[in-house]
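What the coordinates show
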Protein chains: 2
Amino acid sequence: MTKSEQQTAKRDAAKEQESVITGPAEDYLKAIYELELAGGAASTNDIAQRLSFAPASVTGMIRRLAEHGLLAYERYRGVTLTAAGRKAALRTLRRHRVIESYLVGTLGYRWDNVHEEAERLEHAASEELIDRMAAAIGEPVVDPHGAPIPTREGVVDETQYCSLADLGPGHRVAVVRVGDDDPEVLRYLASIGIMPGVTIAVLACEPFDGPITLSIENERISIGAPLAAQVLVDMIGGSEAPSH
Amino acid sequence: MTKSEQQTAKRDAAKEQESVITGPAEDYLKAIYELELAGGAASTNDIAQRLSFAPASVTGMIRRLAEHGLLAYERYRGVTLTAAGRKAALRTLRRHRVIESYLVGTLGYRWDNVHEEAERLEHAASEELIDRMAAAIGEPVVDPHGAPIPTREGVVDETQYCSLADLGPGHRVAVVRVGDDDPEVLRYLASIGIMPGVTIAVLACEPFDGPITLSIENERISIGAPLAAQVLVDMIGGSEAPSH
DNA sequence: GAGTCGAATTAGGTTAACCTAAACCAGCTG
DNA sequence: CAGCTGGTTTAGGTTAACCTAATTCGACTC
Ligand SMILES: [Mn+2]
Ligand SMILES: [Mn+2]
Ligand SMILES: [Mn+2]
Ligand SMILES: [Mn+2]
């Protein structure tokens, strides 16, 4: 083998490794996983919207992922993750959430600007790095926004919580999770005391997606429906299912 | 503006940002910087070899980088970094070395497997993350292999050291830096006690790139010329310029 | 069962970043 | 100064990942 053939061989070998699940593909799988959790098969448009791509681009990527056995895809029918696809999605989700937790836990980041950083690092970090980060902060079970962190083995809590927007007045709830992607939203939520673990009482709800009045730590505050939808909660004590 | 036009605008805005200096481009600039340090203009073949790409590919990337004002390029003449190119190279070099230092300093990595990790993370980490990492480990001046870390402002120590392979017998030297990219080499160097800060006496040198016999911490050991070339050293006390 | 409409796909195009094979050129060698 | 040669570039090709515009499809309405 000549020297330049050796180099060529080395390049080919290096490519072999990952190849199929590229960075962009990881983001698609993650998005599809989350859409699927929310409601059945993920539609082309939903994926496009979540990732800010044109629908035509999504169709293209979907085809490729399906060819590689990561998605079950029938034209005009939306997509579902296969076992392999789900595994890959959870792997990326774990990375993302471990990174967010680590940045907040040990590097002094605040919860409103870790998402963007994690969105890039999740594709570059090795398994080893993620495991070391997780170990360094005590193997957390949720990320700074309350989202569950999949284990190394791909096990994750998929409990569905309802949001503040789904509740009627009179409920007492514990915040379990908030949307993680909009820094301004997160700063505002922090400023009014909404974060995982906090207890909230719903005082009033105006109809037609009107504002919702809450009591948080003895403070009274009204928030709009879109914001309320970003806050996932768990019923406390005697209260049960949402009132409609 | 319609909703879909808004999305399109958002995509364009997002692209505007970096665009020009992509991940691969950062690796090219880094490689060119280091080749230039070693000796004048960087040749297409040298760059190709260092990055394990075909020379034709290098020509292509060089053209693009030159068009964007990062390289001074004349066909068949090799390339030189412009001020902008140098700045970008040092930015990436800083990232790389801060990351290596951080991984070793706080996550329990050993020095032999941080290079590969840093090679990917350097393209994904934000300026803020790098600065926080550097602060967390006390703003180190060199990375775990002894390579100088450029400051945030792009200032770096460019002192040229000679390697063990350049020395004649009788010299007493301090190791300042070792090659950072081959894990096996690094493990071996560590096993025989060669790492930055250690003092070495050169006992004997065989001609024709033969082995070099050293005394390290009162241990006697011979190493081959290629390995010796990876160890950069500083003269101690009375000794001066290399003996040829 | 034809019409309609939004969602999805197809068609066709772009850019970055690689590749191999073929030409090309600069500088030395006889 | 003609010829060689190794380094370099050009020519032509591939793949991933996006785009817009045009077409097609499914499902629901009249
Ligand atoms: Mn996030
Ligand atoms: Mn991402
Ligand atoms: Mn390195
Ligand atoms: Mn790199």
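Above this text sits the structure in question.
The structure contained in this document is the topic of the report that follows.

Before going further, it helps to spend a moment on the coordination of the manganese ion (ligand 3). Residue and element names in this part refer to chain B. Surrounding the manganese ion (ligand 3) are the protein donor atoms His96 (NE2), Glu100 (OE), His115 (ND1) and Asp180 (OD), which sit 1.9 to 2.1 Å from the metal. Counting gaps between the donor residues of the manganese ion (ligand 3) yields the pattern H-x3-E-x14-H-x64-D. Here histidine 96, found in helix α5 (residues 83-106), pairs with aspartate 180, found in the loop between β4 (172-178) and α8 (183-191); they are 84 residues apart in sequence, far enough to count as distant. Side by side, histidine 96 and aspartate 180 carry an identical accessibility label, which is buried.

What follows concerns the relation of the copies chain A and chain B. Take chain A, turn it by 180 degrees, move it 0.0 Å along the axis, and it overlays chain B with an RMSD of 0.0 Å. These values place the two chain copies in the arrangement generated by a two-fold rotation axis.

Once that is clear, we can look at the packing of aromatic side chains. Throughout the structure, instances matching the rule amount to two aromatic pairs over all chains. Here the aromatic rings of tyrosine 28 of chain A and phenylalanine 53 of chain A are separated by 5.7 Å at their centres, their planes lie at 20 degrees, and the arrangement is stacked. Here the residue tyrosine 28 of chain A occupies a position in helix α2 (residues 23-38), and phenylalanine 53 of chain A occupies one in the loop between α3 (44-51) and α4 (55-67), the gap between them amounting to 25 residues. Looking at tyrosine 28 of chain A, the relative accessible area reads 4%, which means it is buried. The positively charged end of arginine 132 of chain A is found above the aromatic ring belonging to tyrosine 109 of chain B, 4.7 Å away from the centroid.

This next bit is on the side chain of aspartate 143 of chain B. Mapped onto the secondary structure, aspartate 143 of chain B falls in the loop between α7 (127-136) and β3 (162-163). Aside from chain neighbours lying at most four places away, what touches aspartate 143 of chain B is Arg97, Glu100, Ser101 and Ile149 of chain B.

Per the counting criterion, the structure on display carries zero disulfides over all chains. This cysteine, cysteine 162 of chain A, is not joined by any disulfide, and cysteine 205 of chain A carries the nearest cysteine sulfur, 12 Å off.

Residues and elements named next belong to chain A. Strand order across the open sheet formed by six strands is β3-β8-β4-β5-β6-β7, with antiparallel pairing between neighbours. With one partner strand each, in any of the chains shown, β3 (162-163) and β7 (219-223) form the two edges of the open sheet. Note that strand β6 (residues 212-216) and β7 share five bridges and pair antiparallel. Paired with serine 215 across the two strands is arginine 220, which belongs to β7.

Residue and element names in this part refer to chain A. All chains considered together, the criterion is met by 32 salt bridges over all chains. Between arginine 187 and aspartate 112 there is a salt bridge, with its nearest N and O atoms 2.8 Å apart. Note that arginine 187 is positioned in helix α8 (residues 183-191) and aspartate 112 in the loop between α5 (83-106) and α6 (114-121), a separation of 75 residues in sequence. When its relative accessible area of 42% is taken as the criterion, arginine 187 is described as partly exposed. As a salt-bridge pair, glutamate 117 and arginine 120 come within 3.9 Å of each other at their nearest N and O atoms. Here glutamate 117 and its partner arginine 120 are both found in helix α6, three residues apart, which amounts to about one turn of the helix. Looking at glutamate 117, the relative accessible area reads 4%, which means it is buried. Among the charged side chains, a salt-bridge network with shared partners connects Glu26, Arg91, Arg95 and Glu127.

Before going further, it helps to examine unusual backbone geometry. Excluding glycine, most residues fall at negative phi; most peptide bonds, likewise, are trans. Residue and element names in this part refer to chain B. Its identity is not glycine, yet aspartate 209 carries a phi of approximately 55 degrees, on the positive side. The residue glutamate 217 is not glycine, and still its phi comes out positive at about 50 degrees. Within the fold, glutamate 217 resides in the loop between β6 (212-216) and β7 (219-223). The class for glutamate 217 is exposed, based on a relative accessible area of 61%.

Another point: the nonpolar core. In this structure, Leu107 and Leu129 of chain A together with Leu107 and Leu129 of chain B are the most contacted members of the largest nonpolar core, which totals 32 residues. Listing elements by their share of this core, those giving two or more residues are α5, α6 and α7 (127-136) of chain A together with α5, α6 (114-121) and α7 of chain B. Residues in contact with leucine 107 of chain B, not counting those within four places in the same chain, are Tyr102, Leu129, Arg132, Met133 and Ala136 of chain A together with Tyr102 of chain B.

Turning our attention to the coordination of the manganese ion (ligand 4). Residues and elements named next belong to chain B. Within the first shell, the manganese ion (ligand 4) binds the protein through Asp27 (OD), Glu119 (O), Glu119 (OE), Glu122 (OE) and His123 (NE2), at distances of 1.9 to 2.3 Å. In primary-sequence terms, the residues that donate to the manganese ion (ligand 4) follow D-x91-E-x2-E-H. Of this pair, aspartate 27 sits in helix α2 (residues 23-38) while glutamate 122 sits in the loop between α6 and α7, and the two are 95 residues apart along the sequence. For aspartate 27, a relative accessible area of 19% translates into the label buried.

This paragraph deals with the side chain of serine 101 of chain B. All names here are of chain B. Looking at the secondary structure, you find serine 101 in helix α5. At 2.7 Å, the side chain of serine 101 forms a polar contact with the backbone oxygen of arginine 97. Setting aside residues no more than four positions away along its own chain, serine 101 makes contact with Ile137, Pro140, Val142, Asp143, Pro144 and Ile149.

Many analyses report the size of an interface as the accessible area lost when the parts associate. Of the residues lining the interface, 27 residues belong to chain A; the matching set on chain B comes to 26 residues. Counting every contact that joins chain A to chain B gives zero salt bridges. Our enumeration of links across chain A and chain B arrives at 13 residue pairs in polar contact (both at pLDDT 80 or more). Those elements that place two or more of their residues in the side of chain A that touches chain B are α1 (3-16), α3, α5, α6 and α7 of chain A. Of all the elements, α7 of chain A adds the most residues to the side of chain A that touches chain B, at five residues. When its residues are assigned to classes, the side of chain A that touches chain B shows 13 nonpolar, seven polar and seven charged.

Here is what the cut-offs are and how they apply
Residues numbered from 1 in each chain as written. Chains lettered and ligands numbered in written order. Predicted model: local features only at pLDDT ≥ 70, side-chain atom pairs only at ≥ 80, totals over all residues. Heavy atoms only, no water. Donors = N, O, S within 2.8 Å, 3.2 Å for Na, K, Ca; no water. Helix = DSSP H or I, 4+ residues; strand = E, 2+ residues; numbered from the N terminus. Buried < 20%, exposed > 50% of the residue type's maximum accessible area, 1.4 Å probe, protein only. Least-squares fit on C-alpha atoms with pLDDT ≥ 70 in both. Phe/Tyr/Trp six-rings, centres within 6.5 Å; stacked < 30°, edge-to-face > 60°. Lys NZ or Arg CZ within 6 Å of the ring centre and 35° of its normal. Contact = heavy atoms within 4.5 Å. Disulfide = S-S within 2.5 Å. Pairing = 2+ DSSP bridges. Salt bridge = Lys/Arg side-chain N within 4 Å of Asp/Glu carboxyl O. Core = buried A, V, L, I, M, F, W, Y, C linked by side-chain atoms within 4.5 Å. Polar contact = N/O pair within 3.5 Å; in protein donor to acceptor, adjacent residues only side chain to side chain. Nonpolar A, V, L, I, M, F, W, Y, C, P; charged D, E, K, R; others polar.

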